[in-house]
Amino acid sequence: MSEATAALTYKGKPLVRCGNTIYYGDMADKYVIKMEIKSTKKIGDTDAADKISVQLLTTDPNVRPKKQILKASEREGFYKALDVASFWLERALEEV
């Protein structure tokens, strides 16, 4: 069975996780966010995301992979990463 699931949304946009990579946004839109969990820490019996890389990507298939990354940052904690991801994606999609 695949690890990827698409049942979650945040502010009306899908969240899809596969392993340590989380995509936020609709791949049919011009932009999407890629969040990669770089490290985790134990909170009780649970592993929680600690450091997360956040990237704003263009979904244009004609753009070379290195040029697809429009913004990049690293945040501590999933909610801080999701907060900046939501802001970047919202602003990028407003400009379209």
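Residues numbered from 1 in each chain as written. Predicted model: local features only at pLDDT ≥ 70, side-chain atom pairs only at ≥ 80, totals over all residues. Heavy atoms only, no water.

Participant: Can you walk me through the overall build of the protein chain in this structure?
Facilitator: Check the secondary structure of the protein chain and you find one helix and six strands. When the helices and strands of the protein chain are placed in sequence order, the string is β-β-β-β-β-β-α. What you see for the protein chain is a C-alpha radius of gyration of 14 Å, in line with the 12 Å of a compact globule of 96 residues. Along the longest, intermediate and shortest principal axes, the C-alpha atoms of the protein chain span 45 × 30 × 25 Å. Residue pairs in contact within the protein chain that sit at least 24 positions apart in sequence constitute 36% of those at least 6 positions apart. For the protein chain, the computed accessible surface area is about 6,700 Å², with 50% contributed by carbon and sulfur atoms. Between the mean site of the 16 positive side-chain charges and the mean site of the 14 negative ones, the protein chain shows a separation of 5 Å. (Helix = DSSP H or I, 4+ residues; strand = E, 2+ residues; numbered from the N terminus. Rg over C-alpha atoms; globule rule 2.2 N^0.38 Å. Contact = heavy atoms within 4.5 Å. Areas by Shrake-Rupley, 256 points an atom, 1.4 Å probe, with all protein chains shown as cover. Lys, Arg positive; Asp, Glu negative; His and termini not counted. Charge placed at Lys NZ, Arg CZ, Asp CG, Glu CD.)

Participant: In this structure, what is going on with the side chain of Ser 53? I would like to understand it.
Facilitator: Within the secondary structure layout, Ser 53 lies in strand E5 (residues 46-58). Since its relative accessible area comes to 13%, Ser 53 is described here as buried. In this structure Ser 53 touches Lys 34, Met 35, Glu 36, Lys 38, Ser 73 and Glu 74, once residues within four positions along its chain are discounted. (Buried < 20%, exposed > 50% of the residue type's maximum accessible area, 1.4 Å probe, protein only.)

Participant: How do you make sense of helix H1 (residues 78-94) when you look at a structure like this?
Facilitator: Residues spaced three or four apart along an α-helix point in a common direction, a consequence of the helix completing one turn every 3.6 residues. An ideal rise of 1.5 Å per residue puts 24 Å on 17 residues; H1 measures up with 24 Å between its terminal C-alpha atoms. Residues of H1 that are buried include every one of Ala 81, Leu 82, Val 84, Ala 85, Ser 86, Trp 88, Leu 89 and Ala 92, and no others. (Expected span 1.5 Å × (residues − 1).)

Participant: I keep staring at the pairing of strand E4 (residues 31-43) and nothing clicks. Help me out?
Facilitator: In summary, the side chains of a regular strand alternate between the two faces of the sheet. Alignment of strand E3 (residues 21-24) against E4, held across four bridges, turns out to be antiparallel. Considered in E4, the bridge of Thr 21 is made with Glu 36. In this structure, E4 lies alongside E5, joined through 12 bridges in antiparallel fashion. Residue Ile 43 lies in a different strand from E5, and its bridge partner there is Thr 46. If you look at the hairpin formed by E4 and E5, you'll find two residues sitting between the two strands, and Gly 44 has a positive phi there, around 65°. (Pairing = 2+ DSSP bridges.)

Participant: Explain the pattern of salt bridges here, please?
Facilitator: Two side chains with opposite charge may pair up if their charged atoms get near one another. Counted by the stated rule, this structure contains four salt bridges. For Lys 42, the salt bridge identified is with Asp 47, shortest N-O distance 3.5 Å. By relative accessible area, Lys 42 is classed as exposed at 58%. Between Glu 76 and Lys 51 there is a salt bridge, with its nearest N and O atoms 3.9 Å apart. Here Glu 76, found in strand E6 (residues 69-76), pairs with Lys 51, found in strand E5; they are 25 residues apart in sequence, far enough to count as distant. Owing to a relative accessible area of 31%, Lys 51 belongs among the partly exposed residues under this scheme. (Salt bridge = Lys/Arg side-chain N within 4 Å of Asp/Glu carboxyl O.)

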